Amino acid sequence: MGIKFLGFLIASVLVAYYIYSPIPENVEEKWTLMLFSALFRSLGHVATVAEKLGFAHYMDVMMKITILEDTPPLSDEKVIVTDTEFNHVPVRLYIPKGQTDSLKRGIIYFHGGGWCLGGKGMRSYDFLSRWTSEKLNAVVVSTDYRLAPKYHFPAQFEDSYAVAKYFLQSSVLDQYNVDSSRVCVAGDSAGGNLAAAVAQQLLHDPEVKVKLKIQVLLYPALQPIDLDLPSYRDNENMPVLPKSLMVRFWSEYFTKDTSLKEAMELNQHVPEESSGFFKFVNWSNWLPERFKKGHIYTSPSPGRSSIGQKYPGLLDPRAAPLLVDETKLRGLPLTYMVTCQHDVLRDDGIMYVSRLREAGIPVVHEHVEDAVHGALTFLTGPFSFSVGQRMANNYIKWLNENL
Ligand SMILES: *[C@@H]1O[C@H](CO)[C@@H](O)[C@H](O)[C@H]1NC(C)=O
């Protein structure tokens, strides 16, 4: 009996030790987050082992969540949902049933998942798109771009751009009864990266006549050349998106070669001759004081840049929308930016806000003090967080007033 009890006690302590991770003081629902984080971490361990043993690529194992969460296109009493293709890229369309005669708004959405994971059918994205469509009387186009590791940059961007370009044709907007002066792009995380890149490229495309009214960037990734920003330092081991996973996502976007990931971990992947780009991500200039607290600026070193040289995509604005000069930012639409305090990507978003404002672009910046990365995708199911609900409500309310 004594031995069994002792065994039970030791097992409990080990489980608690495994589940426990420090969560910032102001984040609510700590235990739910810890549990999610522990499960996600376990999957990461399985993926690492499977990869080491040569069974599967790391991301193929991580992709199991997306597959498990996949939902079919199901219409309900408020929204007609169908899967189709725009310019040969799969999309899920959400067409609201209410107010049939009135012109609708249009939202082109790009899901997150580090360019490797996620999909239009994933429960959380399906829920968000359906809800947006209903609340805003908007046609929502949820884009299924190709993913790494099978496809690398620029495939993800090109698919996203092809969908935006297709939808922005006057004939197509007419077909869906969408008001061409009320269309936006939106995306979260890697999808925010794609939305920002698409919005920039559309500005210089002579074939596209319809202008975006708004770009919505929800905790986006905007640059891969400095991965040692204060937000990366402060949130290195934060649940949902630790630095190691973000670095992996960035490197997988460009290549399967893991030596890029290793160089990125050391922040030594950018060649000396490209150091002119650092001015765009110099957080010493672009971050407000309160986000710099306690950190001293050091510029990335070119120690292992021979690997970086092989991937010019690292400096390509279609992958890194922050790395353009001001002339390329002028003309961008009204911007709704969400950043989360406990997020490695926080400073990417904040620096883009500074740069957009300097270029004269109106920006509404919602900085969420009590959120970790990805909060908006935790709206349903066993892991739903009130902060995600609050962010979604604010986002819909703002769009309702501005789109
Ligand atoms: C970054 O900005 C600081 C302060 O303005 C400056 O001293 C430093 O030289 C800059 N570094 C780079 C790489 O642009």
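Counting of residues starts from 1 at the beginning of each chain's written sequence and follows it residue by residue. Confidence filtering applies because this is a predicted model: local features only for residues at pLDDT of at least 70, side-chain atom pairs given and counted only at 80 or more, and all residues used for totals across whole chains, interfaces and linings. No hydrogens and no water enter the side-chain calculation; it runs on all heavy atoms of the structure.

Peer 1: Looking at this structure, how should I read the site of the ligand?
Peer 2: For this purpose, a residue is taken to be near a molecule or strand whenever a single non-hydrogen atom of the residue falls within 4 Å of it. Near the ligand the following residues occur: Phe278, Asn282, Ser284, Asn285, Tyr297 and Ser299. Between the ligand and the protein, one listed contact pairs an oxygen atom with a side-chain N or O atom of Asn282 at 2.3 Å. Under this definition, polar contacts are N or O atom pairs within 3.5 Å; protein pairs additionally need one hydrogen-donor-capable and one acceptor-capable atom, and for neighbouring residues in sequence, both atoms have to be side-chain atoms. One of the side-chain nitrogen or oxygen atoms of Asn285 is found 2.8 Å away from an oxygen atom of the ligand. Computed with a 1.4 Å probe, the accessible areas rest on the Shrake-Rupley method; for each residue, only the protein chains presented here act as cover. In isolation the ligand offers 370 Å² of accessible surface; the protein chains occlude 47% of this area. Of the residues assigned to the shell around the ligand, the class counts are 2 nonpolar, 4 polar and no charged. In this count, Pro and Cys sit with the nonpolar residues alongside Ala, Val, Leu, Ile, Met, Phe, Trp and Tyr, while Asp, Glu, Lys and Arg are called charged and the others, Gly among them, polar.

Peer 1: Is there a simple way to think about the nonpolar core in this case?
Peer 2: Nonpolar core, defined: a set of buried Ala, Val, Leu, Ile, Met, Phe, Trp, Tyr and Cys residues in which side-chain atoms within 4.5 Å join the residues together. Buried residues are those whose accessible area, probed at 1.4 Å on protein chains only, stays under 20% of the maximum for their type, while exposed residues exceed 50% and partly exposed ones sit between those limits. Membership of the largest hydrophobic core comes to 142 residues, with the highest contact counts inside it found for Phe167, Met246, Trp250, Tyr352 and Met391. Segmentation of the chain into domains, including their bounds, is taken from an automatic or database domain assignment. Domain assignment of the residues forming this core places at least three in each of domain 1 (29-62) and domain 2 (71-223 + 325-402). For this analysis, residues touch if any pair of their heavy atoms sits within 4.5 Å. Look past the residues within four positions of Tyr352 in its chain and what remains in contact with it is Ala196, Gln200, Gln215, Leu217, Leu222, Pro321, Leu322, Leu329, Leu332 and Met337.

Peer 1: I tried to follow helix H5 (residues 155-167) on my own but got confused; where do I start?
Peer 2: Along an α-helix, residues three or four apart share an orientation, since each turn contains 3.6 residues. Given a rise of 1.5 Å per residue, 13 residues ought to cover 18 Å, and the 18 Å separating the end C-alpha atoms of H5 matches this to within 8%. Taking burial as the measure, the 13 residues of H5 include 10 buried ones, the bulk of the element. Here a helix means four or more residues in a row that DSSP labels H or I, a strand means two or more in a row labelled E, and each is numbered from the N terminus. Along H5, the residues that are buried comprise Ala155, Gln156, Phe157, Asp159, Ser160, Tyr161, Ala162, Val163, Ala164 and Phe167. Residue count minus one, scaled by 1.5 Å, sets the expected span of a helix.

Peer 1: Help me understand the side chain of Asp316, please; the structure alone is not making it clear to me.
Peer 2: Inspection of the secondary structure assignment puts Asp316 in the loop between helix H13 (305-308) and helix H14 (326-329). Note on Asp316: relative accessible area 17%, which makes it buried. Separated by 2.8 Å, the side chains of Asp316 and Arg318 make a polar contact.

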